[in-house]
Amino acid sequence: MNDALRAPTPPPGIPVPFVGRDQEVEELAALLADQSPRVLVLHGLAGVGKSALAAALVERLRFGRRPVHWLSLDGNATEETVLLRLLAEHGAPRRPILTAAVRAENAGEDLLFARLLSEQVQKYVRDSVLVLDGAHAALLRRLLRGLLPGQSGPRLVIATSRVAISRAPRMHVHEVRPLDTPDAVRLIEGVARPGEPAQAVDPSRHARAAQGLPVWLRVAGALPPGPHDTPPDHVTTPDALLALATRRLDPAARGVLQRLALRVSNTAPFSVRTVEALLPDFGGPYDAPDILSSLRAYELVGTVREGLWALPSCVADAVQRDIRPGDRYSLRELVVEQQRNAALNSAWHAVHPLDGRPKWFRSDLAPMDVPTHIDEFMALLDPHRSPETLPETLAAFLAVRGDAHRLIAVHRQSGGRARRLTDQTPIDAQTVRDRRRRFGDGSPFQPFVVLNACHAGVPAGGGDLAFLGRELIHAGARGVLGPQIEMPQVFAAEYALEFVTRYLHGAETAGAIAHAVARRFADELCNPLGLAYALHHGMETRLERAAGDPADGTGSGQAVTV
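The structure reproduced in this document is the subject of the present report. (Residues numbered from 1 in each chain as written. Predicted model: local features only at pLDDT ≥ 70, side-chain atom pairs only at ≥ 80, totals over all residues. Heavy atoms only, no water.)

The next subject is the overall build of the protein. Counting secondary structure elements, the protein contains 22 helices and 12 strands. Every one of the 562 residues in the protein was classed for burial, and the buried ones make up 50%. As presented, the protein carries roughly 26500 Å² of accessible surface, and 52% of it is formed by carbon and sulfur atoms. (Helix = DSSP H or I, 4+ residues; strand = E, 2+ residues; numbered from the N terminus. Buried < 20%, exposed > 50% of the residue type's maximum accessible area, 1.4 Å probe, protein only. Areas by Shrake-Rupley, 256 points an atom, 1.4 Å probe, with all protein chains shown as cover.)

In structure tokens, the structure reads:
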């Protein structure tokens, strides 16, 4: 088997036709040649064509022998998993990262691993071109700090993001704008399928509805006239174009589209096996390739490269908006379960014979095919919800193939790590004690702490939630609120929003708020999960403001919620 795990992930293909960006590509290529920035950030609206522009720019520049690593990121990506993957793809030696992981785990210090990982990245991720596609701003800033600490590091980093980030030395930030009307019409006409009758609607109408965004212009171009068309005057938004396209899909294809939009890492590349795993149960046989072909025909999914496709983020967002809120949560839970079970079955059957055991069953995934799906499988890992054998199966495959970097990532993603805050800062009782010493015993800082990460009620990495809460209280916390059981992420977010909103008003105590919020969810929304939250100390805590008028924002709180 060739070592595909340690080879650069190639860029995706450029969409055909590629309209209205040729001059922009040439200008950016000239800028990179003349000014030699270390970082190029392409930002713009979802669906405006940032990824396509990045792919065209990479194709135009042809970096010679310098490797190009394309990483498709999303909201589930973390700095640690990205850096470990880059180390693997840059051929970094295996022993240092294994030694670093063992040292950090034995010492119980997560920050030690972060420091050792940074040292490895500075040493081995060099003289290459990285494309960080779809990174959110906070992750992108952390990655750039880790990748470009000084003069060493990658030759060039091209990043695509929905928002611009603060400029830094040797960084160029470029806004990707929607296409103007003539180019938008040309793209619609270029996408129109040969042999179809001419569109009954003036293409400029659909161009205005697509708001000049190439993803939606392609959907508009793929729409043949038909009996289900909405009157042209009513097609004024991208959501209306999506409705026109989905009306032409059969129920199974619509169901698969919804499930693709609700996946974990819903913009990550997927294969036909993903479609097979997500087929809705309508009581009849459906052919996954036919469904995929239908979605491609209406430009609802794009081709990454042979055998891999991707759902554009703006299409995923629009599909989710089209699902009734009451159905979205239950369907998302079903999709996550389908993904994990399918990944486990495929990976286990492919990996099982690698240790010499006889292959007495039929597998639809060969060992040589696993590298193509490994990052997709790893995105499904969860320390509390993954099937117990999924991380074990992936770890066995990575151990046989000698990919120590992804092996460490699997271990740390599946529970062998401390809790982290929303900014990915690791936290445990020892960290609380160490950080508190810096302020001294007389520090007035007395936060009210909400431990509300997904499944915060379950100890991670062998830690004890009660012990962590006790250390926070001993360190000066005025109170600690957290769930006592596994808590679905959607509900945890809603509960936190309700509690924090009330707490910041400063009119009620924490105990009264916790009681009122639990009763509201139980009585009004028929959801008893709020009763699983417990307040450890601080029943009478209230947000007190210092001198100043709270109405004009001059007051400051004495308790801080984190």
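Further notes follow.
Let us now look at unusual backbone geometry. Geometrically, the link from V16 to P17 is a cis peptide bond, its omega value of 0° lying close to zero. Mapping P17 onto the fold places it in the segment before α1 (22-35). The phi angle at S36 is positive, at roughly 50°, despite the residue not being glycine. In this structure, S36 sits in the loop between α1 and β1 (39-43).

Okay, the sheet that holds strand β12 (residues 533-536) next. Judged by pairing direction, the sheet is mixed, and its 3 strands sit side by side in the order β10-β11-β12 without closing on themselves. A strand with exactly one partner marks an edge of an open sheet, and here the two such strands are β10 (448-450) and β12. The average angle at which neighbouring strand axes cross in this sheet is 15°, direction not considered. Direction of pairing for β10 relative to strand β11 (residues 479-483): parallel, over a ladder of 3 bridges. Bridge pairing links V449 to V480 in β11. (Pairing = 2+ DSSP bridges. Axes fitted to C-alpha atoms, helices over the stretch in contact; angles between N-to-C directions.)

For the structure on display, the rule yields 4 aromatic pairs. Ring centres of Y495 and F521 lie 6.2 Å apart, and the angle between their planes is 25°; on these two criteria the pair is classed as stacked. Here Y495 is found in helix α21 (residues 489-505), whereas its partner F521 is found in helix α22 (residues 510-523), with 26 residues between them in sequence. Its relative accessible area of 2% is what places Y495 among the buried residues. Residue F521 is classed as buried on the basis of its relative accessible area, which comes to 6%. (Phe/Tyr/Trp six-rings, centres within 6.5 Å; stacked < 30°, edge-to-face > 60°.)

As a further point, take helix α6 (residues 137-147). Within α6, 8 of the 11 residues are buried, which leaves it mostly tucked inside the rest of the structure. Listed in full, the buried residues belonging to α6 are A137, L139, L140, R142, L143, L144, G146 and L147.

Right, let's get into the pairing of strand β2 (residues 68-72). Burial within β2 is extensive, with 4 of its 5 residues counted as buried. One ladder, built from 5 bridges, connects β2 with strand β3 (residues 129-133); its direction is parallel. In the strand pairing of β3, V68 is matched with V129.

All right, on to the environment of L331 then. Within the element layout of this structure, L331 appears in helix α15 (residues 325-351). By relative accessible area, L331 is classed as buried at 12%. Once residues lying within four places of it in the same chain are set aside, the contact partners of L331 are Q258, R259, L262 and I323. (Contact = heavy atoms within 4.5 Å.)

Take D183: it is sitting in helix α7 (residues 181-191). On the basis of relative accessibility, which here comes to 17%, the residue D183 falls in the buried class. Taking C-alpha positions, D183 is 5.5 Å from G20, a pair spaced 163 residues apart along the chain. Among all residues touching D183, those that are not within four sequence positions of it are V19 and G20.

Counting 75 residues, the largest nonpolar core has I158, W216, L295 and L300 as its most contacted members. Judged by nonpolar contacts, the second largest core, of 58 residues, contains L73, A77, L83 and L380. (Core = buried A, V, L, I, M, F, W, Y, C linked by side-chain atoms within 4.5 Å.)

Turning to the pattern of salt bridges, a few remarks are in order. Counting across every chain of the model gives 18 salt bridges. Across the pair R177 and E175 runs a salt bridge whose closest N-O atoms are separated by 3.3 Å. You can call R177 exposed: its relative accessible area is 53%. The residue D523 makes a salt bridge to R519 at a minimum N-O spacing of 2.9 Å. Pair noted here: D523 and R519 are both in helix α22, with a separation of 4 residues, about one helical turn. A residue is classified by how much of its surface remains accessible, and D523, at 49% relative accessible area, is partly exposed. The class of R519 is partly exposed, set by a relative accessible area of 42%. Several salt bridges converge on common partners, so that one network encompasses R85, E89, D403 and R406. (Salt bridge = Lys/Arg side-chain N within 4 Å of Asp/Glu carboxyl O.)

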